[in-house]
Amino acid sequence: MRSWASSVDSQPPAPHWVFLGAPGVGKGTYSTRVAKALDVPHIACGDLVRNEIKSGSERGNKARLVI
């Protein structure tokens, strides 16, 4: 793995943030605010899973059985 100092890019690698907490503590609220402030994408795993289930795909149907 290359370090940033030896990287061809002049930009440092982007940090990866994960917001953890109990339901209702504001993870979605704060992660959306931070994403907007830093101009980075906001990806919510729960949203991805729900969309896959709604699509009716094979993967979504398998997930529906587990959830």
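Quick caveat, the model's predicted, so the values are computed rather than measured.

What counts and what doesn't
Residues numbered from 1 in each chain as written. Predicted model: local features only at pLDDT ≥ 70, side-chain atom pairs only at ≥ 80, totals over all residues. Heavy atoms only, no water. Salt bridge = Lys/Arg side-chain N within 4 Å of Asp/Glu carboxyl O. Helix = DSSP H or I, 4+ residues; strand = E, 2+ residues; numbered from the N terminus. Buried < 20%, exposed > 50% of the residue type's maximum accessible area, 1.4 Å probe, protein only. Phe/Tyr/Trp six-rings, centres within 6.5 Å; stacked < 30°, edge-to-face > 60°. Lys NZ or Arg CZ within 6 Å of the ring centre and 35° of its normal.

A.B. asks: Looking at this model, I keep getting lost on the pattern of salt bridges. Mind explaining?
C.D. replies: Oppositely charged side chains are able to pair whenever their charged atoms sit close together. Inspection of every chain in the model, using the stated rule, returns 2 salt bridges. Its salt-bridge partner being R50, residue D47 comes within 2.7 Å of it at the nearest N-O pair. Residue D47 and its partner R50 are located together in helix α2 (residues 45–55), separated by 3 residues, close to a single helical turn. The exposure class of D47 is partly exposed, given its relative accessible area of 37%. Overall, the relative accessible area of 48% leaves R50 in the partly exposed class.

A.B. asks: It is not clear to me how the packing of aromatic side chains should be interpreted in this structure. Could you clarify?
C.D. replies: The geometry of two aromatic rings is summed up by the distance between their centres and the angle between their planes. All told, the structure shown has 1 aromatic pair when counted by the stated rule. Aromatic side chains W17 and F19 sit 6.3 Å apart centroid to centroid with 20° between the ring planes, which places their arrangement in the stacked category. Residue F19 is classed as partly exposed on the basis of its relative accessible area of 31%. The positively charged end of R33 is found above the aromatic ring belonging to Y30, 5.4 Å away from the centroid.

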